[in-house]
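# Architecture and fold: a report
Here are the chains, one letter per residue:
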Amino acid sequence: MTSAVLGWDIGGVNTKVARIDHNQAAAPRVVSIAYELQRDLSALPSVLRSAADQLGATPHDQHGLTMTAELSQAFRTKREGVDFVLDAMVSVFSSDRLHVYIVPGEFVSPEVAKTRTLEVAASNWSATAHWVARRIPTCILIDVGSTTTDLIPILQGEVQAEGTTDPDRLLSGELVYTGAVRTPVEAVATRVPLRKGTAGVSAEAFALMGDVHVWLGRLASKNYTSPTPDGRPATREYAGERLARAVCADREMLDERAITSMATAFARAQCDLIAGALQRLKKRHPLIGTAVLAGLGEFIGREAAECSGLNVVSLAHQIGPAAITAPAFAVASLLCESLMLHSR
């Protein structure tokens with residue numbers, strides 16, 4: 001066995017890694033680096049090295065990999081994206097210590113991974129779901145990240161996802177394309193309260209849901225992990241300015257009460273989007289009464305789950321801050337278990 005296992009979740013805008021001891025005795029350590037692939041593809045190897053160095057990685061460590069980076073506009077196809085990420089990982093870490101997680105729930109070599117593109121692409125939700133299934137056998141996993149929300153039904157220890165690719169998951173309602181930070185507000189609601197009526201929302205990406213949640217005190221500015229639409233800081237003051245612009249106004253035209261009313265409407269609409277998808281899943285799986293919450297936007301998932309009549313269990317209570325980067329932790333943990341099994 002090795003001294004540690006690193007689990008990687010490489011996205012188009014964030015690179016996340018979790019480090020755990022091979023026996024999982026110590027608390028996991030995690031690093032998340034905001035890095036947009038399409039801005040500078042050549043920087044990925046250095047980002048990987050930096051993240052590994054921050055966790056004290058050694059050449060003896062093993063690495064588990066999931067990804068969503070293949071959807072980046074830097075690539076014309078998912079195959080191109082998967083191959084690029086695999087090549088970057090192999091350029092930094094030894095290929096014989098790299099284990100690629102695929103949607104069916106197993107690890108394959110980088111060479112095999114290149115022949116199974118659509119099982120490698122967007123495999124991170126599967127890692128989290130399979131890890132949760134071994135501990136909470138009947139539940140719906142709700143992982144609200146900065147960009148998307150995964151809703152994964154688990155029944156009697158078996159992952160019951162209908163979709164495996166992103167398009168199929170969007171069809172099944174198991175992927176809801178809304179998150180705690182990067183979602184433009186106009187993708188959540190097209191009208192919001194203003195003065196004594198409702199106003200249409202400009203489709204100019206003037207504000208993100210990160211602005212909504214920072215303004216309402218639900219998200220810390222340090223967790224606003226995306227560039228802001230106007231390039232100004234992710235503080236409450238500037239969040240309010242961006243929200244005012246969403247209705248083509250400014251802070252000299254709108255007071256704090258007006259901004260709060262708009263922000264509350266956006267937050268409620270986002271909750272309703274997720275709760276609606278949860279209701280679809282509950283109809284398919286009426287025996288499930290518990291939601292397991294993970295991700296940066298756990299507070300959003302909690303509201304949606306409670307609105308849907310589900311009991312809630314926070315993954316953060318079990319694995320601490322690693323719950324924010326749950327797929328990275330999960331793939332590291334699953335790889336530990338796999339390595340221990342094969343060493344017997």
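Counting from 1, residues in each chain are numbered in the order their sequence is written. For a predicted model such as this one, the threshold for reporting local features is a pLDDT of at least 70, and the threshold for listing and counting side-chain atom pairs is 80 or more; totals across whole chains, interfaces and linings nevertheless cover every residue. Side-chain metrics in this entry use all non-hydrogen atoms of the structure; hydrogen atoms and water are not considered.

## A word on the packing of helix H8 (residues 236–245) against helix H9 (residues 256–284)
Stated precisely, the cut-off is as follows: To get an axis, fit a line to the C-alpha atoms, keeping to the stretch in contact for a helix; angles then go from 0 to 180 degrees between the N-to-C directions. We count a stretch as a helix when DSSP gives it H or I for four or more residues in a row; a strand needs E for two or more, and each element gets its number in order from the N terminus. Roughly parallel refers to an angle under 35 degrees, roughly antiparallel to one over 145, roughly perpendicular to one between 65 and 115, and oblique to any angle outside these ranges. Should any heavy atoms of two residues lie within 4.5 Å, those residues are considered in contact. Basically, the charged four are Asp, Glu, Lys and Arg, the nonpolar ten are Ala, Val, Leu, Ile, Met, Phe, Trp, Tyr, Cys and Pro, and anything else, Gly included, counts as polar.
Closest axis-to-axis distance for the H8/H9 pair is 10 Å, and the angle between their directions is 75°. Between H8 and H9, the interaxial angle falls into the category roughly perpendicular. Between H8 and H9, the residues in contact are Arg236, Gly240, Leu243 and Ala244 and Glu256, Ile259, Thr260, Met262, Ala263 and Phe266, respectively. Within the contact of H8 with H9, the residues separate by chemical class into 6 nonpolar, 2 polar and 2 charged.

## Here's the deal with a nonpolar patch on the surface
Here is the rule: For patch detection, residues must exceed 30% relative accessible area and be free of salt bridges, and they are connected within 9 Å for like charges or within 5 Å for nonpolar side chains (Val, Leu, Ile, Met, Phe, Trp, Tyr). Only the protein chains shown count as covering a residue, and every accessible area follows the Shrake-Rupley method with a 1.4 Å probe. For this document, the term salt bridge refers to a Lys or Arg side-chain nitrogen within 4 Å of an Asp or Glu carboxyl oxygen.
There is a patch of nonpolar side chains on the surface, built from Leu71, Leu170 and Tyr177 and spanning about 300 Å² of accessible area. Looking at the element boundaries, Leu71 is found in the loop between strand E4 (62–67) and helix H2 (78–92).

## Concerning the packing of aromatic side chains
How two aromatic rings sit relative to each other is given by the distance of their centres and the angle of their planes. The test is simple: For Phe, Tyr and Trp, rings pair up if their centres lie within 6.5 Å, where Trp contributes its six-membered ring, and each pair is then called stacked (planes under 30 degrees apart), edge-to-face (over 60) or tilted (otherwise). Note on classification: 1.4 Å probe, protein chains only; a residue is buried when its accessible area is under 20% of the maximum for its type, exposed when over 50%, partly exposed between these limits. To sit over a ring, a charge needs its Lys NZ or Arg CZ within 6 Å of the ring centre and within 35 degrees of the ring normal.
This model, assessed by the stated rule, comprises 4 aromatic pairs. Ring geometry for Tyr101 versus Phe107: centroids 5.3 Å apart, planes at 70°, classification edge-to-face. Here Trp131 and Phe329 contribute two aromatic rings whose centre-to-centre distance is 5.2 Å and whose plane-to-plane angle is 80°, an arrangement assigned as edge-to-face. Residue Trp131 is located in helix H5 (residues 124–133), and its partner Phe329 is located in helix H12 (residues 326–343); the two are separated by 198 residues in the primary sequence. Residue Trp131 is classed as buried on the basis of its relative accessible area of 5%. When the ring centre of Trp215 is taken as origin, the NZ or CZ atom of Arg236, which lies over that ring, is 3.6 Å away.

## Observations concerning the environment of Thr235
Relative to the elements of secondary structure, Thr235 occurs in the loop between helix H7 (209–215) and H8. Overall, the relative accessible area of 32% leaves Thr235 in the partly exposed class. Along the backbone, Thr235 and Trp215 are 20 residues apart, and their C-alpha atoms lie at a distance of 8.1 Å. If we ignore the near neighbours within four places in the chain, the residues touching Thr235 are Val214, Ser221 and Arg242.

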